[in-house]
Amino acid sequence: MIGLRVRDPLRGVRLQNTHAIRSSEVRDTMAHDVVIVGGGTIGLATGFELARRGPSVTVFEKGRAGRGTSWQAAGMLAPDTEIGFEELALYRLNRESRRRWPDFVERVEAAADTSVDYRTEGTLIVADDRDSAEALRRRYEFQRKQGLEVEWLTGEEAREIEPFVAPGLSAAVHSPTDHQVDNRRLMKALRTAFEVEGGTLYEQTPIEAVVPDADRPAVRTADGERVGADRVVVAAGVWSRELEGLLPDARPPVRPVKGQMLQLRRKRPFDLTHVIRGPEAYLAPKSNGRIVVGATSEEMGFDTTVTAGGLYDLLEGAWEVVPGIRDLPVDDTWAGLRPASRDHAPLLGPTAAPGIVMATGHYRHGILLTPVTAEEIARLIRTGETSEWLEPFSPARFSDAESPRSSS
Ligand code: FAD
Ligand code: GLY
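Keep in mind it's a predicted model, so treat the numbers as computed, not measured.

## Describing the overall build of the protein
Helices and strands together make up the secondary structure of the protein, namely ten helices and 21 strands. For 408 residues, the compact-globule estimate of 2.2 N^0.38 gives 22 Å, and the C-alpha radius of gyration of the protein, at 22 Å, lies within 12% of that figure. Seen along its three principal axes, the alpha-carbon backbone of the protein occupies a region of about 65 × 45 × 40 Å. Each of the 408 residues in the protein was classed as buried or not, and the buried ones make up 57%. Intrachain contacts of the protein at a sequence separation of at least 6 include 73% that bridge at least 24 residues. In the form shown here, the protein has an accessible surface area of approximately 16,800 Å², with 48% of it arising from carbon and sulfur atoms.

## Considerations on the site of ligand 1
Residues in close proximity to ligand 1 total 39 residues, the closest being Glu-61, Ser-70, Ile-207, Tyr-363 and Leu-368. Met-76 is positioned such that a nitrogen or oxygen atom in its backbone is 2.9 Å from a nitrogen atom of ligand 1. For ligand 1, the protein covers 97% of the area, taking 1,000 Å² as the surface of the free molecule. With four residues, strand E19 (residues 330–340) is the single largest residue contributor to the shell around ligand 1. In the shell around ligand 1, the residues fall into 19 nonpolar, 16 polar and four charged.

## Topic: the sheet that holds strand E12 (residues 218–221)
The antiparallel open sheet is built from three strands, whose spatial order is E11-E12-E13. At either margin of the open sheet sits one strand with a lone partner, and together these are strand E11 (207–211) and strand E13 (226–228). Direction aside, the axes of adjacent strands within the sheet are offset by 25 degrees on average. Pairing geometry for E11 and E12, over four bridges, is antiparallel. Pairing of Val-211 across the sheet is with Ala-218, part of E12.

## Thoughts on the pattern of salt bridges
On inspection of all chains with the given rule, the structure shows 24 salt bridges. The residue Glu-49 makes a salt bridge to Arg-53 at a minimum N-O spacing of 3.1 Å. The class of Glu-49 is buried, set by a relative accessible area of 0%. By relative accessible area, Arg-53 is classed as partly exposed at 39%. Measuring nitrogen to oxygen at the nearest pair gives 2.8 Å for the salt bridge that ties Glu-49 to Arg-107.

## With respect to a negative patch on the surface
Together, Asp-129, Asp-131, Glu-134, Glu-280, Asp-313, Glu-316 and Glu-320 make up a negatively charged patch on the protein surface. When residues of the negative patch are traced back to their parent elements, those giving at least two are helix H5 (130–145) and helix H8 (308–321). With three residues, the top contributor of residues to the negative patch is H8. Take Glu-316: it is sitting in helix H8.

## Overview of the confidence of the model for the protein
For the protein, the mean per-residue pLDDT works out to 90, and 90% of the residues sit at or above 70. Scored below 50 in pLDDT, residues 1–26 makes 63 contacts in the model with residues more than four places away or belonging to other chains. When the criterion is pLDDT under 50, residues 402–408 qualifies, and its contacts beyond four places in sequence or with other chains add up to 15 contacts.

## What to know about the sheet that holds strand E8 (residues 171–175)
What the eight strands build is an open sheet, ordered E7-E8-E6-E16-E17-E18-E15-E19; its pairing is mixed. One side of each edge strand has no neighbouring strand; the edge strands of this open sheet are strand E7 (151–154) and E19. The average undirected angle you get between the axes of adjacent strands in this sheet is 25 degrees. In this sheet, E8 lies alongside E7 in antiparallel orientation, the contact comprising four bridges. By the bridge assignment for E8, Thr-154 is matched with Ala-171. This element, H5, spans strand E6 (123–127), E7 and E8 of the sheet and lies at about 140 degrees to E6. Here H8 sits on the sheet and contacts E6, strand E15 (255–265), strand E16 (275–277), strand E17 (282–285), strand E18 (290–294) and E19; the angle it forms with E15, its principal contact strand, is near 55 degrees.

## So, the nonpolar core
Formed by 49 residues in total, the largest nonpolar core has its most connected members in Trp-101, Leu-186 and Leu-190. For this core, the elements supplying multiple residues, two or more each, are strand E3 (34–37), helix H2 (41–51), strand E4 (57–60), helix H4 (88–112), helix H7 (183–196), strand E21 (356–360) and helix H9 (370–383). Examining the composition of this core, we find that eight residues originate from one element, H4, more than from any other. When near neighbours in sequence (up to four residues on either side) are disregarded, Trp-101 contacts Leu-77, Tyr-118, Val-181, Leu-186, Ile-367, Leu-368 and Pro-371.

## Side note on the site of ligand 2
Ligand 2 sits among Met-76, Glu-82, Tyr-282, Ala-295, Arg-338 and Arg-364. Between ligand 2 and the protein, one listed contact pairs a nitrogen atom with a side-chain N or O atom of Glu-82 at 3.1 Å. Between ligand 2 and Arg-364, the relevant distance is 2.9 Å, taken from a nitrogen atom to a main-chain nitrogen or oxygen of the residue. Looking at the shell around ligand 2 residue by residue, the classes come out as three nonpolar, no polar and three charged.

## Some words on unusual backbone geometry
Only a minority of non-glycine residues have a phi that is not negative, and only a minority of peptide bonds are not trans. The omega torsion across Arg-268 and Pro-269 is 15 degrees, close enough to zero to call that bond cis. Mapped onto the fold, Pro-269 is located in the loop between E15 and E16. Cis geometry marks the peptide bond from Gly-294 to Ala-295, where omega comes out at -25 degrees. In this fold, Ala-295 is placed in the loop between E18 and H8. Residues other than glycine seldom take positive phi values, yet His-344 does so here, at roughly 65 degrees.

What counts, and at which threshold
Residues numbered from 1 in each chain as written. Chains lettered and ligands numbered in written order. Predicted model: local features only at pLDDT ≥ 70, side-chain atom pairs only at ≥ 80, totals over all residues. Heavy atoms only, no water. Helix = DSSP H or I, 4+ residues; strand = E, 2+ residues; numbered from the N terminus. Rg over C-alpha atoms; globule rule 2.2 N^0.38 Å. Buried < 20%, exposed > 50% of the residue type's maximum accessible area, 1.4 Å probe, protein only. Contact = heavy atoms within 4.5 Å. Areas by Shrake-Rupley, 256 points an atom, 1.4 Å probe, with all protein chains shown as cover. Near = heavy atom within 4 Å. Polar contact = N/O pair within 3.5 Å; in protein donor to acceptor, adjacent residues only side chain to side chain. Nonpolar A, V, L, I, M, F, W, Y, C, P; charged D, E, K, R; others polar. Pairing = 2+ DSSP bridges. Axes fitted to C-alpha atoms, helices over the stretch in contact; angles between N-to-C directions. Salt bridge = Lys/Arg side-chain N within 4 Å of Asp/Glu carboxyl O. Patch = residues over 30% accessible without salt bridge, like charges linked within 9 Å, V, L, I, M, F, W, Y side chains within 5 Å. Lys, Arg positive; Asp, Glu negative; His and termini not counted. Charge placed at Lys NZ, Arg CZ, Asp CG, Glu CD. pLDDT = per-residue confidence, 0-100. Core = buried A, V, L, I, M, F, W, Y, C linked by side-chain atoms within 4.5 Å.

Right, dumping it as structure tokens:
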């Protein structure tokens, strides 16, 4: 279906697909198979995977699609580097999603006719003193035990493959399968791909509440309009728990974890090809010259202030492992909010609220987890069957606990 750009006479909101325009302008009378709340990487990719298989999908986005946390991220696709010693179920999901990335990129790029800058040089984890080298050695042994292809390097060997890392590094580990993408390009591409496949996107349209119902669940917009569908997917990231209409049992226990970031601009001869992870900061170089440096991890509620201390820590951490950044221009600074659940794993699948499906709480890995989330949630909605990938992350694991609002 080809997208058209017109104004909705009722609200001034842009409608973008012909099937939406031919229907009544009252949205509840339109044949929505699926309504998705939230136009970030999770909402748009899930919409894309559904729409390309036929169902009519509508995404409601309170601001501009793709400009939430997904815009603020670093774009690392790094299951092996970010492996947690006690998070094996999540690690398995992360690995599976990484495995699916190349096919996903191909589909999205083909539909959107643009590149998302998927880079496969891999990640270098570097240690700059005895303590960090010991921690790296422990991580490396754990990674080897998991059967990973990681390679131990001396400081000198690391400089052979990445000349601008610090001369005095103690050791490094090369993780060739931890890739990266330019998440900002991805957001633009996903938006286009979703619309090209026939999805309808309403921006500047906040959803105030979800209305559970086994046969015809619905959402209610901020100005009181009710929009029904066969299934409603909550993909509102860090704002997911603010939606009204869910009993405490079904409300996602998602809280914001602040990450401050800064962006440097490549200035040749300085260049980086790998993602570099030091003990205190990471650097993710994009092909267009952006070098994203991150990130702090702070429990500050919805505060997104960029602080002198946050930037100081990031610059110091980055400079220690890549001293050549000293002369690079600083392009931008920002803070994003990671949607973290109580166990730091995502909430994926049906909830205690009939008709309402959750796809949120992706914390540090939402870009990485996009393909597996989108494909498996789309499959769940089309077939009604939950998969082995979704099961360990069922939102029901929080259902017997106390109300998330009172617990945090
Ligand atoms: P979002 O992108 O926030 O999308 C949710 C959307 O829902 C938003 O656009 C919002 O406006 C909309 N919305 C909210 N409420 C409503 C409502 N009521 N009605 C309508 N719309 C609504 N992950 C990685 O995999 N790799 C990384 O390198 C990485 N780096 C990160 C660095 C930082 C500093 C941060 C903060 C995060 C990072 N992440 C990374 C995590 C990743 O960014 C998130 O997990 C991911 O973006 C979450 O995607 P989302 O679609 O759930 O949320
Ligand atoms: N995954 C990188 C971050 O959350 O900062």
